[in-house]
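# Architecture and fold: a report
The lines below spell out each chain.
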Amino acid sequence: MRNRRVSGQHATVDDENPYWISFSDIMSGLLVIFVLASLALILELTVTKFEVNDAIREIARAEQVRRDILWEIEEDLRKRKIHVEISDNHTVLRIPENILSFDNNEYQIPESLGMKETALEIGRVLYASITKEARWKYLDTIFIEGHTDRRPSPRHMGNWGLSTFRAISVWDYWNTNLPESMRLNELKNHSGSPLFSVSGYGESRPVQEIQETENDFQKNRRIDIRFTVRRPALEEFTNIKKLLED
């Protein structure tokens, strides 16, 4: 009788304690939480990996498009007997002075030696290559850059002004004389901003450091066309970095 009563009392205590959890139940719950947390981490890392890979692929594609444009322009102009150069790690199309020159301390494209016809051919080929297969989507800015030798110019603003005005002169000539269907000033980049910009560097970026002979000076007098490509925004890289660090 006594044993049965004690046993009955134990059964009553267990039934009346709804908060009783066994050790195995606790471990099972922790295991479920761990599995869910692991799945969430794997998913987050997978998404981050895809974002990183997408950013890398975007950069690689833009770099390839730039190389394609430069080599295509160089080849097309060579077929027209216009010999330009590709330089600065395949980012710049260099137009030497023997291809497009200016009179001494002048910035207007001269009538002599077919310089205007040469400038126009370069503009046509440039437009055709940029717009082919919508390549402009991968570009950020194309700079028309003027450069001089180290000898000072008597013009207003010196070599800085002379080089800038020469670049502007080429740019204006293209947009005045190219067919309306090929106007470079109407091209936009990936964000809808104007694709082209113009700048002058005077003698500050020589390709020939030693300038003693006329041939040395001539190498530095040039028009460069510099192509910069679209890259993922800094905010995108920052978000990816935060995900990797968390």
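This text gives an overview of the structure that appears in the document. Since the structure is predicted, the reported quantities are computational estimates derived from the model, not experimental observations. Residue numbers run consecutively from 1 along every chain, following the written order of its sequence. Restriction of local features to residues with pLDDT of at least 70 applies here, the model being predicted, together with a cutoff of 80 or more for giving and counting side-chain atom pairs; totals for whole chains, interfaces and linings are based on all residues. Hydrogen atoms and water are omitted, and side-chain values are computed over all heavy atoms in the structure.

A few words on the packing of helix H3 (residues 115–131) against helix H4 (residues 158–177). Their axes nearest at 10 Å, the elements H3 and H4 cross at an angle of 75°. On the basis of their axis angle, the class for H3 and H4 is roughly perpendicular. Here Lys 116, Ala 119, Leu 120, Ile 122, Gly 123 and Leu 126 of H3 come into contact with H4, specifically with Tyr 173, Trp 174 and Asn 177. Working convention: axes come from line fits to C-alpha atoms, limited for helices to the stretch in contact. Angles between N-to-C directions cover 0 to 180 degrees. Strands here are runs of E lasting at least two residues and helices are runs of H or I lasting at least four, both read from the DSSP assignment and numbered beginning at the N terminus. Oblique is the label for any angle not covered by the other classes, which are roughly parallel (under 35 degrees), roughly antiparallel (over 145) and roughly perpendicular (65 to 115). Here, two residues are considered to be in contact whenever any of their heavy atoms come within 4.5 Å of each other.

Attention now goes to empty space enclosed by the protein. For each structure, a 1 Å grid was placed over the protein atoms alone; sets of points admitting a 1.4 Å probe that cannot get out are labelled cavities, open sets with protein on both sides within 12 Å along at least five of seven lines are labelled pockets, and lining residues have an atom within 4 Å of a point. Grid points are joined across faces, edges and corners, and a volume is the space filled by probe spheres set on the points. Across all of its chains, the model carries 1 cavity of 30 Å³ or more by this definition. In this model, the largest cavity occupies a volume close to 50 Å³. Lining the largest cavity we find Glu 97, Leu 100, Ser 101, Phe 102, His 147, Arg 166, Arg 221, Arg 222 and Ile 223. Partitioning the lining of the largest cavity into residue classes produces 3 nonpolar, 2 polar and 4 charged. Throughout this entry, Asp, Glu, Lys and Arg are counted as charged residues, while Ala, Val, Leu, Ile, Met, Phe, Trp, Tyr, Cys and Pro are counted as nonpolar. The remaining residues, Gly among them, count as polar.

Another point: unusual backbone geometry. Even without being a glycine, Ala 134 presents a positive backbone phi close to 55°. Along the polypeptide, Ala 134 turns up in the loop between H3 and strand S3 (139–147). Notably, Met 157 is not glycine yet its phi reads approximately 75°, a positive angle.

Below, the discussion takes up the pattern of salt bridges. We count a salt bridge whenever a side-chain nitrogen from Lys or Arg sits within 4 Å of a carboxyl oxygen from Asp or Glu. Across all of its chains, the model carries 17 salt bridges by this definition. Put simply, Arg 155 and Glu 106 hold a salt bridge, and the shortest N to O gap is 3.8 Å. Of this pair, Arg 155 sits in the loop between S3 and H4 while Glu 106 is found in the loop between strand S2 (92–96) and H3, placing the two residues 49 residues apart along the sequence. The exposure class of Arg 155 is partly exposed, given its relative accessible area of 29%. Only protein chains enter the area calculation, which uses a 1.4 Å probe; residues under 20% of their type maximum are buried, those over 50% are exposed, and those in between are partly exposed.

Attention now moves to H3. Helix span is expected to be 1.5 Å times the residue number reduced by one. When the terminal C-alpha atoms of H3 are compared, their 25 Å separation across 17 residues agrees well with the 24 Å that a helix rising 1.5 Å per residue should span. Judged by how many residues are buried, H3 sits mostly within the fold: 12 of 17 residues are covered. By the burial criterion, the buried members of H3 are Met 115, Lys 116, Thr 118, Ala 119, Leu 120, Ile 122, Gly 123, Val 125, Leu 126, Tyr 127, Ser 129 and Ile 130. Of the residues flanking the end of H3, it is Glu 133, one or two places downstream, whose phi is positive at about 55°.

Glancing now at the pairing of S3. Burial within S3 is extensive, with 7 of its 9 residues counted as buried. Bridge analysis of S3 against strand S5 (residues 222–229) gives 8 bridges, and the strand direction is antiparallel. Bridging across to S5, Ile 142 finds its partner in Phe 227. Each pair of strands is called paired provided DSSP finds at least two bridges between the two strands.

Moving on, we come to the layout of surface pockets. Put simply, the largest pocket is a space of about 210 Å³. In this structure, the largest pocket is lined by 15 residues; those nearest its centre are Asn 104, Asn 105, Asp 149, Arg 151 and Arg 221. When residues in the lining of the largest pocket are grouped by element, the largest group, 3 residues, is from H4. Of the residues contributing to the lining of the largest pocket, the split by class is 3 nonpolar, 5 polar and 7 charged.

Now for the nonpolar core. Only buried Ala, Val, Leu, Ile, Met, Phe, Trp, Tyr and Cys residues count toward a nonpolar core, and they belong to the same one when joined by side-chain atoms within 4.5 Å. Counting residues in hydrophobic clusters, the biggest one holds 40 residues, and the most contacted among them are Leu 126, Ile 130, Trp 174, Leu 184, Phe 196, Ile 225 and Phe 227. The leading source of residues in this core is H3, at 8 residues. Beyond its immediate sequence surroundings of up to four residues, Ile 225 is in contact with Thr 91, Val 92, Leu 93, Ile 95, Ile 122, Leu 126, Ile 142, Phe 143, Ile 144 and Trp 174.

With that settled, the discussion passes to the packing of aromatic side chains. Within 6.5 Å between ring centres, the rings of Phe, Tyr and Trp (the latter by its six-membered ring) count as paired, and their orientation is classed by plane angle as stacked under 30 degrees, edge-to-face over 60, tilted in between. Using the criterion set out here, one finds 2 aromatic pairs in the structure. Ring centres of Tyr 107 and Phe 165 lie 5.2 Å apart, and the angle between their planes is 35°; on these two criteria the pair is classed as tilted. Note that Tyr 107 is positioned in the loop between S2 and H3 and Phe 165 in helix H4, a separation of 58 residues in sequence. Comment: the charge-over-ring label is applied if NZ (Lys) or CZ (Arg) is within 6 Å of the ring centre and within 35 degrees of the ring normal. Stacked on the ring of Tyr 138, the Lys or Arg Arg 61 has its end atom at 5.3 Å from the ring centre. The side chain of Arg 151 reaches across the aromatic face of Phe 217, ending 3.9 Å from its centre.

Attention now goes to the environment of Trp 136. The topology assignment puts Trp 136 in the loop between H3 and S3. Since its relative accessible area comes to 28%, Trp 136 is described here as partly exposed. For the pair Trp 136 and Ala 62, spaced 74 residues apart in sequence, the C-alpha separation works out to 9.7 Å. With sequence-adjacent residues up to four places away left out, Trp 136 is seen in contact with Ile 130, Thr 131, Lys 188, Asn 189, His 190 and Leu 195.

Purely geometric numbers; function is a separate question.
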